[in-house]
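Understanding the architecture of this molecule
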Amino acid sequence: MLKVDFAEQVGLSRVEGKRIVTEFRNRDEVESGFDPEDLPVCCEWAGEAPHMVCVQLCEL
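Residues numbered from 1 in each chain as written. Predicted model: local features only at pLDDT ≥ 70, side-chain atom pairs only at ≥ 80, totals over all residues. Heavy atoms only, no water.

Examining the pattern of salt bridges
In this structure the tally under the stated criterion is two salt bridges. Note that Arg25 is salt-bridged to Glu23, the shortest N-O span being 3.2 Å. According to the relative accessible area criterion, Arg25 is buried, its value standing at 17%. (Salt bridge = Lys/Arg side-chain N within 4 Å of Asp/Glu carboxyl O. Buried < 20%, exposed > 50% of the residue type's maximum accessible area, 1.4 Å probe, protein only.)

As C-alpha cells, then:
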C-alpha cells in the first residue's frame, strides 16, 4: 500500500525508456522548484496503461 497524503503530496511522472515513473513529493518542494535531473516532467497523459504517452510537458 502506498503511504501518500494527497493533501500534502503531489505525483510527478516522467518517461524513462519504456517506463512511466511516478514519484510523490511534498507540495512545498515541488512549488519551490525542480532539480534539473527531474526534467522533463509530464503533466498530461493520453491513452491507457501500459500504452500511455505524454501529450504535455509541465511548464516550470
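Quick notes on the pairing of strand 1 (residues 9-16)
The sheet contact formed by strand 1 and strand 2 (residues 19-26) spans eight bridges and is antiparallel. For Gln9, the partnering residue across the bridge sits in strand 2 and is Asn26. Counting the residues that bridge the hairpin from strand 1 to strand 2 gives two residues, and of these Gly17 lies at a positive phi of roughly 65°. (Pairing = 2+ DSSP bridges. Helix = DSSP H or I, 4+ residues; strand = E, 2+ residues; numbered from the N terminus.)

Some words on the side chain of Gln9
Residue placement: Gln9 occurs in strand 1. Gln9 gets classed as buried once you look at its relative accessible area, which sits at 17%. Residue contacts for Gln9: discarding those within four places in its chain leaves Lys3, Val4, Phe24, Arg25, Asn26 and Arg27. (Contact = heavy atoms within 4.5 Å.)

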